[in-house]
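Descriptive analysis of the structure
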Amino acid sequence: MSKRKAASDALAATRDELFAGEFAGLLIASQYDPASILTRLSPYLAGSASIVVYSQHLQIVADLQIQMRAESQYLAPSVTESWLRRYQVLPGRTHPTMVTSGSGGFLLHATKMLVFFSVAVSSC
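Notes on the structure follow.

Basis of the calculations
- Residues numbered from 1 in each chain as written.
- Predicted model: local features only at pLDDT ≥ 70, side-chain atom pairs only at ≥ 80, totals over all residues.
- Heavy atoms only, no water.
- Core = buried A, V, L, I, M, F, W, Y, C linked by side-chain atoms within 4.5 Å.
- Buried < 20%, exposed > 50% of the residue type's maximum accessible area, 1.4 Å probe, protein only.
- Helix = DSSP H or I, 4+ residues; strand = E, 2+ residues; numbered from the N terminus.
- Contact = heavy atoms within 4.5 Å.
- Expected span 1.5 Å × (residues − 1).
- Arc of directions from axis to C-beta.

**Quick word on the nonpolar core**
- Residues Leu38, Ile51, Val53, Leu64, Met68 and Leu108 are the most contacted members of the largest nonpolar core, which totals 15 residues.
- Among the elements of the structure, strand S1 (23-29), helix H2 (34-41), strand S2 (45-55), helix H3 (58-70) and strand S6 (103-112) are those that each provide at least two residues to this core.
- Here this core gets 4 residues from one element, more than from any other, and that element is S2.
- When residues no more than four places from it in sequence are discounted, the contact partners of Ile51 are Leu26, Leu38, Leu45, Met68, Tyr74, Leu108, His109, Ala110 and Lys112.

Following this line, the structure appears as structure tokens:
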């Protein structure tokens, strides 16, 4: 019974930490849709928090970049390609493997901004 209590307490502490929010950054590297993950976790980020999304496929991060540009809370979403080269290591010689693709995936980076709206009231 004490294992269940410890697991329950750990889960409650993790939930409390999440709901307290004000995180300095968010890193998403998942097989699931990163847009839905970002939508759910974005409210818990502090202002000027960095957001980084990794995917092996360009289309996934490109679609998310378009969605982020449409919202005013994300500053300068940009996509870069990480480059990876595998090396063949043999006794006495090392050289790059010539039949590799060279791509290690794609990264989307943006900064979350705090957006405040003000309404001007004119007097007659």
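**Points about H3**
- Taking 1.5 Å per residue, 13 residues should reach 18 Å; H3 reaches 19 Å between its end C-alpha atoms and fits that length.
- All buried positions along H3 are accounted for by Val61, Leu64, Gln65 and Met68. With its buried residues spanning 110° around the axis, H3 presents them on a single face. Within H3, the exposed residues directed more than 90 degrees away from the buried face are Gln59, Ile66 and Ala70.

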